[in-house]
Each structure stands twice: as C-alpha cells, then as structure tokens.
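Each chain, letter by letter, is given below.
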Amino acid sequence: MPEIQAKLADLLCSILDNISRGELQEAETLIDKLKDSDGSSEICKITDALDMFKKQLQEGLKFAGALSQGDLHYEAPRNFYLFSDFKQLQANLRHLTWQTQQIAKGDYGQSINFIGEFSAAFNKMTEGLKAAKKIQDDLNDLYATRNKFFSIISHDLRSPFNAILGFSDILADEWDDLSDTERRNFLQNIRNTAHNTFDLLEHLLEWSRIQTGKMKFSPVFLDINKLADETMILLNPSAGRKQIRLLLDNTGEKYAWADKEAILLVLRNLISNAIKFTAHGGTVRVSALNMKDHLIITISDTGVGIAAGNIKKLFRFEEQLKTEGTDHEKGSGLGLVLCREIVEKSGGRIWAESTEGKGSRFSFTLPLQHLTT
C-alpha cells in the first residue's frame with residue numbers, strides 16, 4: 001500500500017510538473033494514467049480538478065496567444081485568476097484601440113492612460129497632431145482669405161476703374177455733343193464710383209492692418225453714447241438726403257473699455273449701413289445697455305431687412321454679401337467683416353437680427369472694464 005501511494009504521489013508530481021512547464025498534452029496523458037491506476041473517489045476528485053485546471057490553462061494559453069498576436073476579440077476563461085492580468089491588459093488595449101480610432105477621426109481631446117512611458121509618448125503625439133491640425137486649419141483659412149483678397153483686387157477694384165475710364169472717355173471725346181444733363185449724369189456716376197472704390201480700398205487697408213497686427217489697439221474708458229452722437233452728427237447729411245431720423249436712446253454716460261478710433265469705425269460702418277438700407281422717412285436708432293460685465297450697443301433701423309439665409313454670411317470675409325441700398329447705394333461688402341474683427345479684438349462679440357421688410361438690429365458688446373490676459 002505505501003508503494004502504491006508513492007507511485008500515485010510521483011505520478012501526481014509529474015502531472016503538476018508538466019502543467020507548470022506548459023506541456024499540457026503530456027499532463028493529459030498522465031491524468032488518464034492516474035485515473036486508470038486508482039478508481040477511488042478521492043483520486044477521481046483530484047483528476048477531475050486537474051482536468052478542469054488543464055482545460056482552463058489550455059483556454060488561457062489560446063487567449064494569451066491571440067492577445068500576443070493582436071487579436072483583442074478572443075475571450076479569456078471566466079473566473080480564472082491566473083489570467084486576470086491578461087484580461088485587464090486586453091480591456092486596456094481595447095480601450096486604447098477605440099481611443100486611437102477617435103484620434104484618427106480628428107478627436108484630439110483623447111487622454112491615454114496606459115503603461116508607463118507609453119502614455120506620455122502617445123499623449124505627446126496627440127498634442128502634436130492637434131497642433132498640426134490647428135496649423136493646417138489656419139493655413140486653409142489663410143489660403144481662402146488670400147484667394148478672396150486677390151479676387152477683390154482683380155474684380156471689385158477693376159470693374160469700378162473700367163466704369164470711371166469709360167465715363168471719362170465719353171466726356172473727353174463727346175463733350176460738345178452731350179447735353180448738360182448727360183454731362184451731369186456722367187460726372188455723378190464717376191463721383192459715386194470713385195467714392196465707392198475709395199471705401200473699398202479703405203476697408204481693405206484697415207482689414208489688412210488688423211490681420212498683420214499693424215492696427216494698434218489702445219483701449220481706454222470711453223463714453224459710447226458720446227461717440228455715437230459724434231458719429232450721427234457726421235452722418236446726418238447722408239441721413240438728411242433720405243429724410244431719415246437718427247435717434248440716440250438712453251442718453252447719459254455709458255462707459256466701456258475699448259479703443260476710440262476702432263469703435264468709431266464700427267459705429268460709422270453700422271450706422272451708415274442702417275441709413276443705406278432704410279427707405280426715405282425711416283428711422284435709425286442707437287442704444288446702449290449696461291449688463292453685468294459688458295455693454296451692449298445696438299443699431300436698429302426700419303429698413304428693408306435681411307433674408308434669414310443671408311444673416312450668417314454678413315460677417316464672413318469669404319462670403320461677402322453685397323446688396324444695394326434703397327437709393328441704389330453701393331457697398332464694399334467688407335464693412336461688417338471689419339466690424340467683427342475690431343469687436344472681437346476688443347473682447348466683445350457682434351451679431352445681427354432681422355426680419356425682411358421690417359428692419360434690422362445689429363448689436364455688439366464691449367467689456368465694462370480692463371480685460372486681464
């Protein structure tokens with residue numbers, strides 16, 4: 001009996017030794033031999049347990065092998081503690097794969113939390129991709145702006161000069177044959193075209209100064225109502241020609257932190273636009289309202305209004321909206337783009353609300369106090 005027990009013990013040790021070395025086929029042969037050598041219930045329990053352990057190891061090794069080859073879909077044996085670390089590794093790799101897919105789609109907000117230095121290196125790469133994407137977006141905007149800029153120079157400046165040259169040639173060649181009314185009309189056309197072309201050039205130069213950083217902003221505390229009043233006095237002659245009333249609401253001091261010349265340019269553009277698109281006998285109103293940390297300035301009119309689909313195009317350089325005023329006044333299409341640039345540089349925002357046939361409201365904000373950066 002002791003001799004049989006010793007043989008069984010040796011056989012059991014051989015089984016465990018083969019299992020520990022991963023030689024599961026040999027272990028299986030020895031387990032079958034152990035079953036045949038002793039059919040007692042105790043031995044049956046041991047061999048059943050060894051069989052279960054061997055099967056779990058076989059499944060675990062298949063799982064580990066698949067994982068080592070990059071197959072993240074193979075399922076590990078359930079409730080088998082020896083492969084819990086591998087299961088965690090698989091879960092981490094699955095999440096890392098998903099995050100990588102999101103990064104490939106342009107989501108550079110993913111933060112990798114994986115193994116040691118890998119995370120730092122991967123996150124540094126993602127930051128690099130984000131920076132590269134920003135540079136690419138800026139370049140695309142720059143190319144679009146450049147193309148639009150050249151388009152304006154080649155078309156919007158060329159056409160008015162062609163008109164001026166054409167009218168001038170007629171006056172020079174046919175002066176004696178033209179009536180006073182015809183001469184006056186030609187001269188009026190030349191004057192209007194020259195003024196419009198000058199406005200376009202002025203807007204282009206101002207816009208380019210902002211883009212290149214040559215337009216210096218020197219913000220101070222300004223009384224916006226006072227600036228609005230000065231602007232309306234300046235524009236009163238053009239409003240008077242159309243019998244348009246210019247009204248300033250909320251009289252009294254309304255202070256904001258901004259550059260004086262820049263904000264005068266914004267007010268001049270917005271009020272002159274309101275006059276341009278308001279019919280004879282209409283009203284243009286300027287108001288300023290204090291909010292918690294900013295001032296809202298609104299220029300409203302009783303003019304022709306703007307179609308809903310065109311409002312989003314108003315402040316975009318690449319989609320200038322050019323329409324004639326109620327007296328066929330021409331515009332450069334750049335005034336509102338310039339206003340947006342200035343307002344945003346001043347720490348505010350600008351927007352428009354309108355209903356066709358009922359007028360428009362252009363509003364912008366300015367900070368009430370010095371902005372710290």
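Look above for the structure.
On a predicted model such as this, the values are computed, not experimentally measured, just so you know.

Colleague: I'm lost on the environment of L267 in this one. Help?
Modeller: Following the sequence through the fold, L267 ends up in helix 9 (residues 260-276). Taking the relative accessible area as the measure of exposure, L267 reaches 0% and is therefore buried. For the pair L267 and I297, spaced 30 residues apart in sequence, the C-alpha separation works out to 9.3 Å. If we skip the residues at most four places from it in the chain, L267 touches L227, A228, T231, I297, I299 and F364.

Colleague: Before we go on, may I ask you to explain helix 8 (residues 224-240) in this structure?
Modeller: Residues lying three or four places apart along an α-helix face the same way, a consequence of the helix completing one turn every 3.6 residues. Here helix 8 spans 23 Å end to end across 17 residues, near enough to the 24 Å set by a 1.5 Å rise per residue. By the largest-angle criterion, L234 marks the main kink of helix 8, which is about 45°, and a proline, P237, follows within four residues. Within helix 8, the full set of buried residues consists of I224, N225, L227, A228, T231, M232, L235 and A239. N-cap assignment for helix 8: the residue whose side-chain oxygen lies 3.2 Å from the backbone N of N225 is D223.

Colleague: Explanation requested: unusual backbone geometry in the structure shown.
Modeller: Most of the time, phi is negative for any residue but glycine, and the peptide bond is trans. Of note, Q243 is a non-glycine position whose phi angle comes to about 55°, a positive value. With respect to the secondary-structure elements, Q243 resides in the loop between helix 8 and strand 2 (245-248).

Colleague: Hey, could you run me through the packing of aromatic side chains in this one?
Modeller: Under the counting rule described, the total for this entry stands at three aromatic pairs. An angle of 45° between the planes, with centres 5.6 Å apart, marks the rings of F167 and F186 as tilted. Here F167 is found in helix 6 (residues 158-174), whereas its partner F186 is found in helix 7 (residues 180-211), with 19 residues between them in sequence. A relative accessible area of 17% places F186 in the buried class. Here F315 and F362 contribute two aromatic rings whose centre-to-centre distance is 6.3 Å and whose plane-to-plane angle is 75°, an arrangement assigned as edge-to-face. Of the two residues, F315 sits in the loop between helix 10 (308-311) and helix 11 (335-345) while F362 sits in strand 7 (residues 359-367), which places them 47 residues apart along the sequence. By the burial criterion, F315 is buried, and F362 matches it. Above the face of the W175 ring, R183 is positioned so that its terminal group lies 4.6 Å from the ring centre. Sitting over the ring of W351, R349 keeps its end group 4.1 Å from the ring centre.

Colleague: Mind showing me how you'd approach the environment of K54 here?
Modeller: Positionally, K54 belongs in helix 3 (residues 41-68). Residue K54 is classed as buried on the basis of its relative accessible area, which comes to 4%. The contact partners of K54, leaving out residues within four places of it in the chain, are L24 and E28.

Colleague: Explain a negative patch on the surface to me, please; I cannot follow it from the model alone.
Modeller: A contiguous patch of negative charge on the surface is contributed by D169, D173, E174, D176, D177 and E182. Within the secondary structure layout, E182 lies in helix 7.

Colleague: Would you take a moment to explain the sheet that holds strand 2 for this structure?
Modeller: In sheet architecture, strand pairing relies on hydrogen bonds along the backbone and comes in two forms, parallel and antiparallel. A sheet is described by the order of its strands in space; here five strands give the open sequence 2-4-5-7-6, paired in mixed fashion. Edge positions in the sheet fall to strand 2 and strand 6 (350-355), since each of these pairs with one other strand and no more. Averaged over all pairs of adjacent strands, the angle between their axes in this sheet comes to 15°, without regard to strand direction. Bridge count between strand 6 and strand 7: six bridges; the pairing is antiparallel. Pairing of I350 across the sheet is with F364, part of strand 7.

Thresholds, definitions, all that
- Residues numbered from 1 in each chain as written.
- Predicted model: local features only at pLDDT ≥ 70, side-chain atom pairs only at ≥ 80, totals over all residues.
- Heavy atoms only, no water.
- Helix = DSSP H or I, 4+ residues; strand = E, 2+ residues; numbered from the N terminus.
- Buried < 20%, exposed > 50% of the residue type's maximum accessible area, 1.4 Å probe, protein only.
- Contact = heavy atoms within 4.5 Å.
- Expected span 1.5 Å × (residues − 1).
- Bend = angle between axes of the 7 residues up to and from the residue.
- Polar contact = N/O pair within 3.5 Å; in protein donor to acceptor, adjacent residues only side chain to side chain.
- Phe/Tyr/Trp six-rings, centres within 6.5 Å; stacked < 30°, edge-to-face > 60°.
- Lys NZ or Arg CZ within 6 Å of the ring centre and 35° of its normal.
- Patch = residues over 30% accessible without salt bridge, like charges linked within 9 Å, V, L, I, M, F, W, Y side chains within 5 Å.
- Areas by Shrake-Rupley, 256 points an atom, 1.4 Å probe, with all protein chains shown as cover.
- Salt bridge = Lys/Arg side-chain N within 4 Å of Asp/Glu carboxyl O.
- Lys, Arg positive; Asp, Glu negative; His and termini not counted.
- Charge placed at Lys NZ, Arg CZ, Asp CG, Glu CD.
- Pairing = 2+ DSSP bridges.
- Axes fitted to C-alpha atoms, helices over the stretch in contact; angles between N-to-C directions.

So, to be careful, I would describe these as geometric facts and stop short of saying anything about function.
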